[in-house]
Amino acid sequence: MAVQDLVDPFGRTIRDLRISVTDRCNFRCTYCMPEEGMQWVPRSEVLTFEEIERVARLFVERFGVDGIRLTGGEPTMRAHLPVLVSKLAALGVDMALTTNAATFRHHAHELREAGLRRVNISLDTLDREKFERMTRRDELVRVLDGIDAALEAGFAPVKINAVVQRGVNDDEIVALATFGRERGVEMRFIEFMPLDASGHWLHDDVVGQDEIVARLSEAFELDPVPARGAAPADRWRYGDADELAAKGRGGGAMVGVIPTVTKPFCGDCDRVRLTADGQFRTCLFETREFDVRDVLRSGGSDDDLAALIERAVGTKWAGHQIGQVTFVKPRRTMSQIGG
Ligand code: SAM
Ligand code: SF4
């Protein structure tokens, strides 16, 4: 069957599928989950590897999707994750994983062998006490070791994501960038989004891209890298990028910002999402979901699945409305949707 582009009403072609493999997590980051009381999706409602593979295959073979990212919750909490990775690697598309890396030392080698090439690791602070306050877990040492394990296992690139919150970790922007330069990993700062479980998000807590770049510019010479296309990050190259590369730290020669709130990139968005319980979403901030699991489990054909996906993509909106009176916070948090 010829590839048939999935194009939304605003002319954007869908190329990137984000798959959440679990809603469970070993951390409780304050900007993502409550300390207690998360209602986990019952295991019987979580998609099996066979179901995930079937949906992913349809996206790749019928709709020409060429990128898959595995996320969660914490994806490494899903038992036998390398089995899924090898099934998806066989589809031959670019595949990446987002993880908090607390247990990555145990998983890195097997995931790499299974065919995973790229990994994004979350790290919001280099201060152990602050790390414990932000994640409610005293795991900084193991996360730093997880980053080393990713590099040793040959993942490339390894990118580090930090959510920046005013008055919490915005004093560490330069320190985190320095860490990326020294370890040879690309540091990316994410604007704080209203997907926290507590619902305490305030616009004033967002440290916007301009401010982040201004702080970085006080410490480093930065040259903008043109046109990000559909990629969410704007990127800058350090003035001494060639010297970093010569020292074997070329992976840390760039720094990025994901400016979801202050400079939304919705106009170029090519992403769709599948939650761990098989709900299909066309945007992180959408309030509507389409029940892929029901089609899978009621004996639906690939044509039935494709019809549901096409119908859903036909509802993809122009963009989120964060900061406007019309914004409605999604019922589910980042960990439940799959960030
Ligand atoms: N557990 C994995 C991790 O933390 O990397 C993967 C899932 S997590 C939901 C994916 C990403 O979403 C992480 O980089 C995390 O920092 C980010 N995230 C979670 N809540 C957020 C929020 N309210 N605003 C911005 N980013 C957020
Ligand atoms: Fe877990 Fe990732 Fe959410 Fe932190 S951001 S609570 S590590 S899912």
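Residues numbered from 1 in each chain as written. Chains lettered and ligands numbered in written order. Predicted model: local features only at pLDDT ≥ 70, side-chain atom pairs only at ≥ 80, totals over all residues. Heavy atoms only, no water.

Asker: Can you help me understand the layout of surface pockets in this one?
Answerer: If you roll a probe as big as a water molecule over the atoms, it shows you where there is empty space left. The calculated volume of the second largest pocket comes to roughly 170 Å³. Taken together, Thr 22, Asp 23, Arg 24, Arg 43, Val 46, Leu 47, Met 77, Arg 78 and Ala 79 form the lining of the second largest pocket. (1 Å grid on protein atoms, 1.4 Å probe; cavity = no way out; pocket = protein on both sides within 12 Å on 5 of 7 lines; lining within 4 Å. Points joined across faces, edges and corners; volume = space filled by probe spheres on them.)

Asker: Would you mind showing me how to read the nonpolar core here?
Answerer: One recurring pattern in soluble globular proteins is that nonpolar side chains are buried together. Within the largest apolar cluster, 102 residues are counted, with the highest numbers of intra-cluster contacts made by Phe 59, Ile 68, Leu 70, Leu 123, Phe 155 and Phe 189. Among the elements that make up this core, the one with the highest residue count is helix H1 (residues 49-62) (7 residues). If sequence neighbours within four positions are ignored, Phe 59 has contacts with Leu 6, Leu 17, Gly 64, Val 65, Val 272, Phe 280 and Ile 309. (Core = buried A, V, L, I, M, F, W, Y, C linked by side-chain atoms within 4.5 Å. Buried < 20%, exposed > 50% of the residue type's maximum accessible area, 1.4 Å probe, protein only. Helix = DSSP H or I, 4+ residues; strand = E, 2+ residues; numbered from the N terminus. Contact = heavy atoms within 4.5 Å.)

Asker: Explain the site of ligand 2 here, please?
Answerer: Neighbouring residues of ligand 2: Cys 25, Phe 27, Cys 29, Tyr 31, Cys 32, Met 33, Gly 73, Asn 100 and Ser 335. Each residue belonging to the shell around ligand 2 can be placed in one class, and the counts come to 6 nonpolar, 3 polar and no charged. (Near = heavy atom within 4 Å. Nonpolar A, V, L, I, M, F, W, Y, C, P; charged D, E, K, R; others polar.)

Asker: Explain helix H3 (residues 104-114) to me, please; I cannot follow it from the model alone.
Answerer: Given 3.6 residues to a turn, an α-helix orients residues that are three or four positions apart in the same direction. Within H3, the full set of buried residues consists of Phe 104, Ala 108, Leu 111 and Ala 114. Down the axis of H3, the smallest arc covering the buried residues is 140°, so these residues share one side. Looking at H3, the residues exposed on the side facing more than 90 degrees away from the buried face are His 106, His 109, Glu 110 and Glu 113. Those residues of H3 that are buried are in contact with helix H2 (81-89), strand S3 (94-99), strand S4 (118-122) and helix H5 (140-152). (Arc of directions from axis to C-beta.)

Asker: For this particular structure, what's the right way to read the site of ligand 1?
Answerer: Lining the immediate environment of ligand 1, one finds 18 residues, of which Tyr 31, Gly 73, Glu 74, Ser 122 and Met 193 sit closest. A distance of 3.0 Å is found between a nitrogen atom of ligand 1 and a backbone nitrogen or oxygen belonging to Gly 73. Glu 74 has a polar side-chain atom sitting 3.1 Å from a nitrogen atom of ligand 1. When the free accessible area of ligand 1 is taken as 540 Å², the share hidden by the protein chains comes to 95%. Mapped onto the shell around ligand 1, the elements with two or more residues apiece are S3, strand S5 (158-164) and strand S6 (186-191). (Polar contact = N/O pair within 3.5 Å; in protein donor to acceptor, adjacent residues only side chain to side chain. Areas by Shrake-Rupley, 256 points an atom, 1.4 Å probe, with all protein chains shown as cover.)

Asker: Got a minute to help me understand unusual backbone geometry in this structure?
Answerer: Trans peptide bonds make up most of the peptide bonds, and negative phi angles are found at most residues other than glycine. Looking along the chain, the bond that leaves Ala 156 and enters Pro 157 is cis, with omega of -5°. Residue position: Pro 157 is located in the loop between H5 and S5. Positive phi, close to 70°, is recorded for Ala 101, a residue that is not glycine. Tracing the backbone shows Ala 101 in the loop between S3 and H3.

Asker: Sorry, what's going on with the sheet that holds strand S11 (residues 279-281) here?
Answerer: Two strands in a sheet stick together by hydrogen bonds in their backbones, pointing the same way (parallel) or opposite ways (antiparallel). Strand order in the open sheet made by the 12 strands is S7-S8-S9-S6-S5-S4-S3-S2-S1-S10-S11-S12, with mixed pairing throughout. Of all strands in the sheet, those bounded by a partner on one side alone are strand S7 (222-225) and strand S12 (290-291). Sitting on the sheet, helix H6 (residues 173-183) is in contact with S5, S6 and strand S8 (234-238), with an inclination near 150° to S6. (Pairing = 2+ DSSP bridges. Axes fitted to C-alpha atoms, helices over the stretch in contact; angles between N-to-C directions.)

Asker: Even after reading the chapter, I still don't get the packing of H1 against helix H10 (residues 302-313), so can you show me in this structure?
Answerer: Pairs of packed helices are described in terms of their axes, by the angle between the two and the distance that separates them. Across the interface, H1 lies against H10 with an axial gap of 11 Å and an inter-helix angle of 75°. When the interaxial angle is binned, H1 and H10 end up roughly perpendicular. Two secondary-structure elements touch here, H1 through Arg 54, Leu 58, Phe 59 and Arg 62 and H10 through Asp 302, Asp 303, Leu 305, Ala 306 and Ile 309. Residue classes in the contact of H1 with H10 are distributed as 5 nonpolar, no polar and 4 charged. (Parallel < 35°, antiparallel > 145°, perpendicular 65-115°, else oblique.)

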